[in-house]
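The chain contents come next:
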Amino acid sequence: MTSEAFSRPTLDRRTFLGAALAAGVVLVAESTPIAAHAAAGDVSLTGGGISLLASAGGRLAIRDGAGVTRSAGSKFQVKDSVTGIHVSTGGTPTLSALPDGTPAIRMDYTFDAAAGPTAVTGWFSVGTSHAVLEWRVTGADTLVPDGFLFSRAIQAPAAPDDYVPITEWVRDAGGGIPYEDTLCVAHTSTWSASLHGLFLLDRSRQAWTNATWVHAPGVADAGGGWTSRADFFFSETRPSATATIGRGRELGLELTTNRDFNLYESAGEQMELTALVANGGSAASSVDLKLWVRDFDGAQLAATTVTGSVDAAGTWQHTFTLAAPTGGIALAEVVVSSGDDQAFARTNLAVLPAYDYQAGTAGMFGVANYPWLQRPSATALLDLWQRAGIGLVRIAYDGGPGLPPADFDARGMRHNIELQPSLEATDTEAATWAADKLAVAVAAGAEYFEIGNELNRPFNTGDAAQAYLDKALRPVFDRRAATGDTVKLMNNGLAGMDKPWVENFIAAGGWDLIDAFAYHPGRGNFTPDYIPPGDDWTTDGDGTYWNFYGGLRQLKALMAEHGEKEIWLTEAYAPTKPNSWWHDTYRHAAENVLLTLALAKAEGIRGVCWYQFHDGVLGMPQIADPDNVEYHYGLMNRDLSPKPSLLAYATAARTLDQATFRDWLTFADPQTFGLWFDTPDGPAVILWNRADGYLLNTAGPRTDWHFPAPEMWTDPWPTKTPLAVAATTAVRQVNAIGQVTQIPVTNGSATLTLDGAPRIYYGLLPHSDSAGHHSLPAPA
């Protein structure tokens, strides 16, 4: 028996209540005493429904209640920033105990001499269908705790393993909208319809986990060194409920629906919203389950409360039946409460009918990255892409992330490629890279090869233009000339419309080397049509450099002087970081998606690739990360439900699918703006008014980043400007998310109400005068 350091979590009623409360997620196994055995070099521990067997060489097997091995591993891996990766070479198990007397297996791992002072000791214990696995690591200060991994191989699984983040919803203490945060991560396994298991860790990257290794980052210990921990559970319920019960959280809640992506075809269709409640407490609880649902206009679509009972360490679920809203989107919140304890969750439900897009290869609507999150399946995801109007993907190649080009070819979807060079390469290395990557682009069948991504740092200085030409673009251009390949070349997609970089690029001869010009029009809390005054646009975190239309007009002016090129916006944005004044609210994002795409169409942009489709970060999909701006760029939420932005993208794609831009409309009111498109359905006019200015989220002080964002149904535009126009037929108004309103026409006149939100109007006939000005005629 020993008392070496063995970390235990701090206990409180909303986190861990101890391993003894893990029984509820298990395969109906009663809590039993732990049996320990050691013989002939093997050490075993047995609890209810689970056993561990440790053997010489470092082997650790996790066995089910029938003694069948379900997971087996034998190694631990560390990373040192100086000496690199080190993998254990063996291990010796002994029967020991934790400081509280709980029987435990101690495993002393061995490493070769290259690992230096690295020492790893494993401590393994069991409860009821629950194993606690901890590795205590000491060594040089150069060890990288984020690089720790343990080995395991799932034995005879019935389905591929999965990676499932476990989240909770949080109400912002500073005010504004709630948001999700990550509690832990589950690596799940399935052996049969009735036998499931999972490794639960506070943090773990999917990209660093495979069939052999699980990423298990270490946490610094007060006395020095680090500890990696994983909990293993045999479970009968969903990972979220397993985490709630296994970690002793008193209440947990997860929402699901009866449709992929919570999307329905038509208004009135039956929507089923299922709430799964988990009780991690030690006693049965009576719970109230309260639902409310509001649509984009704030109308309450549902409000009800039901009561249920949840067994100790058990689950209970209830399904609410709703009618799909008449167009648009609805936000549902469910709150579960028992006494002083409460949990809540939100999700969106929306109506998005099918649509027959016709633009084909002439379309400009794309997505900026490969489909790295293929949930619930690659087929379902591509179905949704095409339903929303996405006709091309920026990056696709065999062996790359996401889907292979053949999958897009089968659906008639176009695809390009972007690959990143190094500006520090030698000339020989640059030539080799160019030859290799041009071959990849050609083999992928890419229409365009975007040579690099955002290599214009430091922004707005032009400093990096010459190195980019020498080390990236010219080597590829020369290689293409030598091979005779026909793939078109783009410059690296610039971060922002970097005028000094472009001027230096042109001066150095780069303009003649590209077939298309690519950049990323990043945007802060400015409407997409904002053109900052002057040319001295600052590039700091809240600088005017990060605007959409001003940069585009700068580029068009340069092209008027130096020659026209196709323009590609290979990353366009409307990020929705919650309660941040620099980023879009959910409502503003929808409006800004529509206006961004409409302006792009009006300016003749060849392709707009939206960044990105899902909230999340590559390598850690669906990990809720509220403070990471990069996480919040999606058209879809983390839980795969749609943001209003998705409907806005689809609205733009459907409106502009076969549209031809005619011109800007002018009005007596200089704050009223309009775009005139011809479409198969007649003229489509997009109108808005800037009486409330071009800056967003301006209420309150600017002492820090926080802005208490309103709910999506809150109208952010106080000034309503009437516009009377001539009309002889019905006038149809379509807002950013596709909701349709009929505007009354009386005696040849219709009155439109304009504000800062762009809206589409059908049934209006723009007039052109002899001077080439275009407007909407006033009523007679």
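In this report, the structure presented in the accompanying data block is examined. Just so we're clear, the structure is a prediction, and the values are computed from it rather than from any experiment.

**Re the nonpolar core**
Then, number 1: With 109 residues, the main nonpolar core has Trp385, Phe449, Phe517 and Phe613 as its most contacted residues.
Then, number 2: The greatest single-element share of this core, amounting to ten residues, is contributed by helix H8 (residues 586–602).
Then, number 3: Judged by nonpolar contacts, the second largest core, of 35 residues, contains Ala54, Leu60, Val78 and Ile154.

**Here we look at the pattern of salt bridges**
Then, number 1: Applying the stated criterion to the full structure yields 34 salt bridges.
Then, number 2: Across the salt bridge formed by Arg247 and Asp202, the nearest N and O atoms sit 2.8 Å from each other. You can see Arg247 sitting in the loop between helix H1 (239–246) and strand E20 (252–257) and its partner Asp202 sitting in the loop between strand E16 (195–201) and strand E17 (213–215), a full 45 residues away along the chain.
Then, number 3: For Asp202, a relative accessible area of 47% puts it in the partly exposed group.
Then, number 4: Here Lys471 and Asp427 are joined by a salt bridge, their closest N and O atoms 2.8 Å apart. Here Lys471 is found in helix H5 (residues 465–483), whereas its partner Asp427 is found in helix H4 (residues 427–444), with 44 residues between them in sequence.
Then, number 5: Its relative accessible area of 57% is what places Asp427 among the exposed residues.
Then, number 6: What you see here is one network of salt bridges that share partners, running through Arg171, Glu333, Arg346 and Glu711.

**Considering H5**
Then, number 1: Look at H5: 26 Å from first C-alpha to last across 19 residues, which is about the 27 Å you get at 1.5 Å a residue.
Then, number 2: Of all bends in H5, the biggest is about 40°, found at Leu473, and the proline Pro475 comes one to four residues later.
Then, number 3: Against the buried residues of H5 lie H4, strand E32 (448–451), strand E33 (488–490) and helix H6 (499–507).
Then, number 4: Among the residues trailing H5, Gly484 stands out with phi positive, at a value near 75°.

Rules of the game
- Residues numbered from 1 in each chain as written.
- Predicted model: local features only at pLDDT ≥ 70, side-chain atom pairs only at ≥ 80, totals over all residues.
- Heavy atoms only, no water.
- Core = buried A, V, L, I, M, F, W, Y, C linked by side-chain atoms within 4.5 Å.
- Buried < 20%, exposed > 50% of the residue type's maximum accessible area, 1.4 Å probe, protein only.
- Helix = DSSP H or I, 4+ residues; strand = E, 2+ residues; numbered from the N terminus.
- Salt bridge = Lys/Arg side-chain N within 4 Å of Asp/Glu carboxyl O.
- Expected span 1.5 Å × (residues − 1).
- Bend = angle between axes of the 7 residues up to and from the residue.
- Contact = heavy atoms within 4.5 Å.

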